[in-house]
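# Chain and residue survey
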Amino acid sequence: PHALTRRTALKGGAALSAASALAVIAPATPWTWSPAQSVPGTGSGADPHRVGDPECDDLVADLARRGEIPTVNRLLKHWTRNGQPLPDGLPHDLHEFLQRAVALPSWTDRGKLAAAARFNEKRGTYLGVIYGFVSGMLSTVIPHEARAVYYSWGGSAMKDRISKTAKLGYDIGTANAFAPDGEHVVTCVKTRLAHAGVRHILPRSPYWQHAADEELPISQADMMVTWHSLPTSAMRQFRKWGVPVAADESAGFLHSWQLTAHALGIADEYIPSSWASAESQAKQVLDPVIDATPEGIKLAHMLLDLGKNLDLSLVSRGVLGAITRFMLGDQIADDLKIPREPVWSPMLEVSWGPYVAVREGILQAGMPPKAYWLFDEFLRQFVLLYMSELRLPISIQIPVMNNPH
Ligand code: HEM
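The structure presented is a predicted model; accordingly, all values stated were derived computationally and were not measured.

### Focus on the pattern of salt bridges
The final tally for this structure, using the stated rule, is 23 salt bridges. The salt bridge involving Asp171 is made with Lys167; its shortest N-O contact spans 3.0 Å. Residue Asp171 and its partner Lys167 are both found in helix H8 (residues 158–172); the two are separated by four residues, about one turn of the helix. Asp171 gets classed as buried once you look at its relative accessible area, which sits at 4%. Glu377 is the partner of Arg380 in a salt bridge, and the nearest nitrogen-oxygen pair spans 2.9 Å. Here Arg380 and its partner Glu377 are both found in helix H18 (residues 369–389), three residues apart, which amounts to about one turn of the helix. When its relative accessible area of 15% is taken as the criterion, Glu377 is described as buried. A network of salt bridges, in which partner residues are shared, links Arg236, Arg239, Glu279, Lys283 and Asp287.

Structure, rendered in structure tokens:
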């Protein structure tokens, strides 16, 4: 997966002239994925590297010019449920936008959402670990995302940022995620506003300007890359571990993530219609960009410290590092400077597969009881860690500042 990326090409290109350096900076991997594979099956085919979320970006830029972002953040704090009326006092243009933004698209399939809820209920424990330590860690080796997160306000308040991201992972797994009494659609739409806020102010950060190899942060292409670090990577883990997933539940899980992409402001023509088309897109846009940056390495180590103030022995740096190494492989762990852990690394390599099989009732026995107990206890403590991140009231806001250092 560590093909020559734009960044490594640039790093090695000190002797290149300015003109040829520019040639290198043009997207190394042009977007060739066809809209025929997307949810609507058709589209303009416009290169999503250069497209943000124009409607929402213009709106947030207007709110910023009018000095209304702090008021809007305050007013939206208590707007949490999908079916809840919008608070009074919002600027008219925002009110009108939000009403449209929370509406589910015509292709919403309630039957598939019911199957997704069954999947989430059965596989919630694995999903928690996967979102946290596969998706979360992958986000640190997706260079565009790592730099945007590091140099935005969230990079200076990682604990807070992780709680907000954990809320999205939690909300999508709730039984009523997309129903009027659920919260997930609102969480997505607030995130859409936050991303527009980042597009508005991050380009002014001198640190980001210096490190980034793109002018527009969080492009449509960037969002799909990050999307694959979530559902596509989760499915890859389930396959790797041999966890049986019923066909209708797998399709439902995909559907819940397609709707999530839509609510986040990703254009339907970039959202894959099936797991096969998701895999084909991920192979083109996620796998080749994986690379450790100085920013990503720092973020990864902040993630490993997540459990440090909790009285839970198994969510320590060493164990979480071993989990990361096991899930993402030695190459990524080495690049992130996460060491092998002498007890947990070999134990995971030998016993995680059988553990999952026993847990799923596929195998009756065949693993050391001590390892079984430790893995069970790890999952239990991980759930506690996850829940501790969600304890405080969490309100996703439009940022008005970048990371000051
Ligand atoms: C904010 C999720 C794609 C960069 C957020 C938040 C969530 C979230 C829940 C709110 C948390 C907060 O305010 O701290 C997602 C999901 C994505 C996605 C589910 C795709 C499926 C991306 C991409 C980038 C990015 C592609 C960058 C290339 C950021 C940044 C913030 C943010 C910089 C704001 C941090 C701050 O200043 O507080 N995202 N995101 N996100 N996201 Fe994303």
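Moving on, there is more to tell.
### A short note on the packing of aromatic side chains
One pair of aromatic rings is described through two measures. These are the centre distance and the angle between the planes. Considering all chains together, one arrives at 20 aromatic pairs under this definition. Taking 5.7 Å as the distance between ring centres and 75 degrees as the angle between the ring planes, the aromatic pair formed by Phe133 and Phe382 counts as edge-to-face. Taken together, the positions of Phe133 in helix H6 (residues 110–140) and Phe382 in helix H18 put the pair 249 residues apart, joining distant regions of the chain. On the accessibility criterion, Phe382 (4% relative accessible area) is buried. Relative to Trp275, the ring of Phe253 has its centre 6.2 Å away and its plane inclined at 25 degrees; by these criteria the two rings are stacked. Of this pair, Phe253 sits in helix H12 (residues 247–263) while Trp275 is found in helix H13 (residues 275–285), placing the two residues 22 residues apart along the sequence.

### Overview of helix H5 (residues 92–101)
The complete set of buried residues in H5 reads Leu94, Phe97, Leu98 and Ala101. Considered in projection along H5, the buried side chains sweep an arc of 100 degrees and stay on one side of the axis. The secondary structure elements touched by the buried residues of H5 are helix H3 (54–65), helix H4 (69–76) and helix H9 (184–201).

### Some points on the site of the ligand
Near the ligand you find 22 residues, and of these Gly154, Arg161, His195, Asp222 and Thr226 are the closest. Contacts to the ligand include Trp153, whose backbone N or O atom sits 3.3 Å from an oxygen atom. The contact in question runs from a nitrogen atom of the ligand to an N or O atom on the side chain of His195, over 2.9 Å. Mapped by element, the contributors of at least two residues to the shell around the ligand are helix H7 (143–151), H8, H9 and helix H11 (220–241). Across the shell around the ligand, the residue classes tally to 11 nonpolar, seven polar and four charged.

### Brief notes about the nonpolar core
Core analysis: the biggest nonpolar cluster contains 94 residues, and Met137, Phe253, Leu336, Trp344, Phe378 and Phe382 have the highest contact counts within it. Split by domain, this core shows at least three residues from each of two domains, domain 1 (54–289) and domain 2 (305–389). When residues no more than four places from it in sequence are discounted, the contact partners of Phe378 are Val129, Leu314, Val315, Val319, Leu320, Ile323 and Trp344. Ranked by size, the runner-up nonpolar core spans 25 residues in total, among them Leu86, Ala101, Leu193 and Ala196.

### With respect to the environment of Leu75
Position of Leu75 relative to the elements: it lies in helix H4. Its relative accessible area of 21% is what places Leu75 among the partly exposed residues. Each C-alpha atom, one on Leu75 and one on Gly89, is 7.7 Å from the other, the two residues being 14 residues apart in sequence. In this structure, Leu75 is in contact with Pro87, Asp88, Gly89 and Leu90, ignoring residues within four places of it in sequence.

### Quick look at unusual backbone geometry
What you tend to see is this: most non-glycine residues have negative phi, and most peptide bonds are trans. Look at Ile218: it is not a glycine, yet its phi comes out positive at around 55 degrees. Examined against the element boundaries, Ile218 turns out to sit in the loop between helix H10 (206–211) and H11. Classification of Ile218 as buried rests on a relative accessible area of 14%.

### Overview of empty space enclosed by the protein
Across all of its chains, the model carries one cavity of 30 Å³ or more by this definition. Roughly 50 Å³ of volume is contained in the largest cavity. Along its surface, the largest cavity is lined by Asn73, Leu76, Lys77, Lys190, Leu193, Ser395, Ile396, Gln397 and Ile398. Residue composition of the lining of the largest cavity, by class: four nonpolar, three polar and two charged.

### Focus on the confidence of the model for the protein chain
Per-residue confidence for the protein chain gives a mean pLDDT of 89; residues scoring 70 or more make up 92%. Predicted confidence is poor over residues 1–26, with pLDDT under 50, and the contacts of this stretch with residues over four places away or in other chains come to 33 contacts.

### Quick word on helix H17 (residues 344–359)
Taking 1.5 Å of rise per residue, the 16 residues of H17 would be expected to cover 22 Å, yet its terminal C-alpha atoms sit only 19 Å apart, more than 12% below that figure. For H17, the complete set of buried residues consists of Trp344, Ser345, Met347, Leu348, Ser351, Trp352, Tyr355, Val356, Ala357 and Val358. Considering only its buried residues, H17 is in contact with H6, H11, helix H15 (317–328) and H18. In the stretch just after H17, Gly361 is the one whose phi turns positive, near 75 degrees.

### Some words on the coordination of the iron atom of the ligand
Just one protein ligand coordinates the iron atom of the ligand, and it is His195 (NE2) at 2.1 Å. When you line up the elements, His195 lands in helix H9.

### Remarks on the packing of H5 against H9
For the pair H5 and H9, the least separation of the axes is 10 Å and the interaxial angle reads 130 degrees. By the criterion of interaxial angle, the relationship of H5 to H9 is oblique. The element H5 and its partner H9 pack so that their crossing is right-handed. Each of Leu94, Phe97, Leu98 and Ala101 in H5 lies in contact with H9, whose residues at this interface are Val189, Arg192 and Leu193.

Basis of the calculations
Residues numbered from 1 in each chain as written. Predicted model: local features only at pLDDT ≥ 70, side-chain atom pairs only at ≥ 80, totals over all residues. Heavy atoms only, no water. Salt bridge = Lys/Arg side-chain N within 4 Å of Asp/Glu carboxyl O. Helix = DSSP H or I, 4+ residues; strand = E, 2+ residues; numbered from the N terminus. Buried < 20%, exposed > 50% of the residue type's maximum accessible area, 1.4 Å probe, protein only. Phe/Tyr/Trp six-rings, centres within 6.5 Å; stacked < 30°, edge-to-face > 60°. Arc of directions from axis to C-beta. Contact = heavy atoms within 4.5 Å. Near = heavy atom within 4 Å. Polar contact = N/O pair within 3.5 Å; in protein donor to acceptor, adjacent residues only side chain to side chain. Nonpolar A, V, L, I, M, F, W, Y, C, P; charged D, E, K, R; others polar. Core = buried A, V, L, I, M, F, W, Y, C linked by side-chain atoms within 4.5 Å. Domains from an automatic or database assignment. 1 Å grid on protein atoms, 1.4 Å probe; cavity = no way out; pocket = protein on both sides within 12 Å on 5 of 7 lines; lining within 4 Å. Points joined across faces, edges and corners; volume = space filled by probe spheres on them. pLDDT = per-residue confidence, 0-100. Expected span 1.5 Å × (residues − 1). Donors = N, O, S within 2.8 Å, 3.2 Å for Na, K, Ca; no water. Axes fitted to C-alpha atoms, helices over the stretch in contact; angles between N-to-C directions. Parallel < 35°, antiparallel > 145°, perpendicular 65-115°, else oblique. Left-handed = near helix turned anticlockwise from the far one by under 90°.

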